[in-house]
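# An overview of the molecular structure
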Amino acid sequence: MSTAAPGRPVRPSVAARALRRTADDTALRPYRRFALTPYSPTIGAEVEGVDLAAPLAPEVLAELKRALLEWKVLFFREQRLDAASHTAFARHWGVPEVHPFLPKAALPEVVRLAHDEAQPGVENVWHSDVSFAPAPPLGSVLRAVELPEVGGDTLWADMAAAYDGLPERVRERLAGLRAVHDFLRSFGLLMPPAERERQRALHPPVEHPVVRTHPETGRALIYVNRVFTDRIVGLPEGESAELLDLLQAQAAHPEYQCRFRWAPGSVAFWDNRITQHYAVSDYFPAPRVMERVTITGDRPR
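The secondary structure content of the chain amounts to six helices and 17 strands. Taking 301 residues into account, the globule formula puts the C-alpha radius of gyration at 19 Å, and the chain, at 20 Å, falls close to it. Referenced to the eigenvectors of the C-alpha coordinate spread, the extents of the chain come out at roughly 55 × 55 × 40 Å. Looking at the chain as a whole, 49% of its 301 residues are labelled buried. For the chain, the accessible area works out to roughly 14400 Å², and carbon and sulfur atoms hold 54% of it.

Below, the structure written as structure tokens:
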């Protein structure tokens, strides 16, 4: 054990304990329509034997949905998707949404995330997509278009496992709290004043519970992030900032994470309701181009 001084042990930031992958932590049924390889005890698994560009049988879709709820983010290799087939796969889970700010690709539902020497990567902050919306996305399907030779990995964090890891006194303190989410903290920073005011009328700040309940699994999870969460309602500014910093820091613990190394043809599909993600910006000045389709979700409860 590491020590700060002789005889004074340092308490680990994440206590040693059994991590729960599902609500009741029971052994789930095996997957019979594809092979599945976990990336960590609670989050992330690679799926083999599914062609996302082909028609998918109902039995395959049912198992993929079960795997997404169990593992929170699914990875696929050597896929051959274009904008149309990419969007068609996302439609199996709901209606693709059109992002209000990010640049689009061949279809309006397909966001293009392109970075190079002139436009460095900016997604290297832990966040949940579009939490500033009244009904944030259910999830997103991201595919690699152009990759650097090395670098540009993406990490995901299991925010239900992170909630479980909080001390009981902190979980009690969070009960009933709500937080304000606002696009001005990120997208609004680069807008001219007139455009910022126009977008503010279209996208006013919203309140979401600090602890969200997943609508399908019932898991309680931390639902604040560094990109869009502005403050906790009803708390003094200093207390709000201190509590947010504590909660936002939980995503950074490796015990709650998985990491994906992209390759040509790679696809990641994650549940945006229960995860946060971080795109590592270690590839500058090489280019990295990704395309994403996001699926409409529901209001957090």
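Strands sit in the order 14-8-16 across an open sheet of three strands; the sheet is antiparallel. Two strands close off the open sheet at either side, each with one partner strand: strand 14 (257–260) and strand 16 (275–279). Each strand of the sheet is rotated relative to its neighbour by a mean of 20 degrees, with strand direction disregarded. Pairing of strand 8 (residues 154–158) with strand 16 involves five bridges; the strand directions are antiparallel. Looking at the pairing, Trp156 lines up with His277 of strand 16.

The terminal C-alpha atoms of helix 1 (residues 58–71) lie 20 Å apart, and with 14 residues this matches the ideal 20 Å at 1.5 Å per residue to within 8%. Listing the buried residues of helix 1 in full gives Val60, Leu61, Glu63, Leu64, Arg66, Ala67, Leu68, Glu70 and Trp71. Within two residues after helix 1, Lys72 carries a phi angle of roughly 75 degrees, on the positive side.

Quick look at the packing of aromatic side chains now. Under the counting rule described, the total for this entry stands at 19 aromatic pairs. With 6.2 Å between their ring centres and 75 degrees between their planes, Phe132 and Phe187 make a pair best called edge-to-face. On the criterion of sequence distance, the pair formed by Phe132 in the loop between strand 6 (110–115) and strand 7 (139–146) and Phe187 in the loop between strand 9 (178–181) and helix 5 (193–202) is long-range, its members being 55 residues apart. For Phe132, a relative accessible area of 2% translates into the label buried.

Let us now look at the pairing of strand 8. Counting buried positions over the five residues of strand 8 gives five, a clear majority of the element. Residues of strand 8 alternate between two faces, with Thr154, Trp156 and Asp158 on one and Leu155 and Ala157 on the opposite face, all of them buried. Relative to strand 14, strand 8 is paired through four bridges, and the arrangement is antiparallel. By the bridge assignment for strand 14, Trp156 is matched with Cys258.

This part takes up the layout of surface pockets. Here the largest pocket defines a volume of roughly 820 Å³. Elements with a minimum of two residues in the lining of the largest pocket: strand 6, strand 16 and strand 17 (288–295). In terms of residue count, the dominant contributor to the lining of the largest pocket is strand 6 (four residues). Partitioned by chemical class, the residues of the lining of the largest pocket number 18 nonpolar, seven polar and seven charged.

Now for unusual backbone geometry. In this structure, the amide linkage connecting Phe284 to the following residue, Pro285, adopts the cis form with an omega of 5 degrees. Looking at the element boundaries, Pro285 is found in the loop between strand 16 and strand 17. Phi at Lys72 takes a positive value of approximately 75 degrees, unusual for a residue other than glycine. Position of Lys72 relative to the elements: it lies in the loop between helix 1 and strand 5 (73–76). With relative accessibility at 1%, the residue Lys72 sits in the buried group.

Moving on, we get to empty space enclosed by the protein. Tallied over the entire structure, the rule returns two cavities of 30 Å³ or more. If you trace the largest cavity, you find it lined by Ser128, Met159, His181, Leu221, Ile222, Tyr223, Val224, Asn225, Arg273, Ile274, Thr275 and Gln276. Of all the secondary structure elements, the ones that give two or more residues to the lining of the largest cavity are strand 12 (220–222) and strand 16. When grouped by side-chain class, the residues that make up the lining of the largest cavity number six nonpolar, five polar and one charged. Taken as a whole, the second largest cavity holds about 30 Å³ of empty space. Lining of the second largest cavity is provided by Glu97, His99, Glu109, Val111, Arg292 and Thr294. Of the residues belonging to the lining of the second largest cavity, the class tally is one nonpolar, two polar and three charged.

Of note, Asp182 is situated in the loop between strand 9 and helix 5. Polar side-chain contacts of Asp182 include one of 2.7 Å to the side chain of Arg200. With residues up to four places along the chain from it excluded, the contact list for Asp182 reads Phe132, Arg200, Pro205 and Phe228.

About the thresholds
- Residues numbered from 1 in each chain as written.
- Predicted model: local features only at pLDDT ≥ 70, side-chain atom pairs only at ≥ 80, totals over all residues.
- Heavy atoms only, no water.
- Helix = DSSP H or I, 4+ residues; strand = E, 2+ residues; numbered from the N terminus.
- Rg over C-alpha atoms; globule rule 2.2 N^0.38 Å.
- Buried < 20%, exposed > 50% of the residue type's maximum accessible area, 1.4 Å probe, protein only.
- Areas by Shrake-Rupley, 256 points an atom, 1.4 Å probe, with all protein chains shown as cover.
- Pairing = 2+ DSSP bridges.
- Axes fitted to C-alpha atoms, helices over the stretch in contact; angles between N-to-C directions.
- Expected span 1.5 Å × (residues − 1).
- Phe/Tyr/Trp six-rings, centres within 6.5 Å; stacked < 30°, edge-to-face > 60°.
- 1 Å grid on protein atoms, 1.4 Å probe; cavity = no way out; pocket = protein on both sides within 12 Å on 5 of 7 lines; lining within 4 Å.
- Points joined across faces, edges and corners; volume = space filled by probe spheres on them.
- Nonpolar A, V, L, I, M, F, W, Y, C, P; charged D, E, K, R; others polar.
- Polar contact = N/O pair within 3.5 Å; in protein donor to acceptor, adjacent residues only side chain to side chain.
- Contact = heavy atoms within 4.5 Å.

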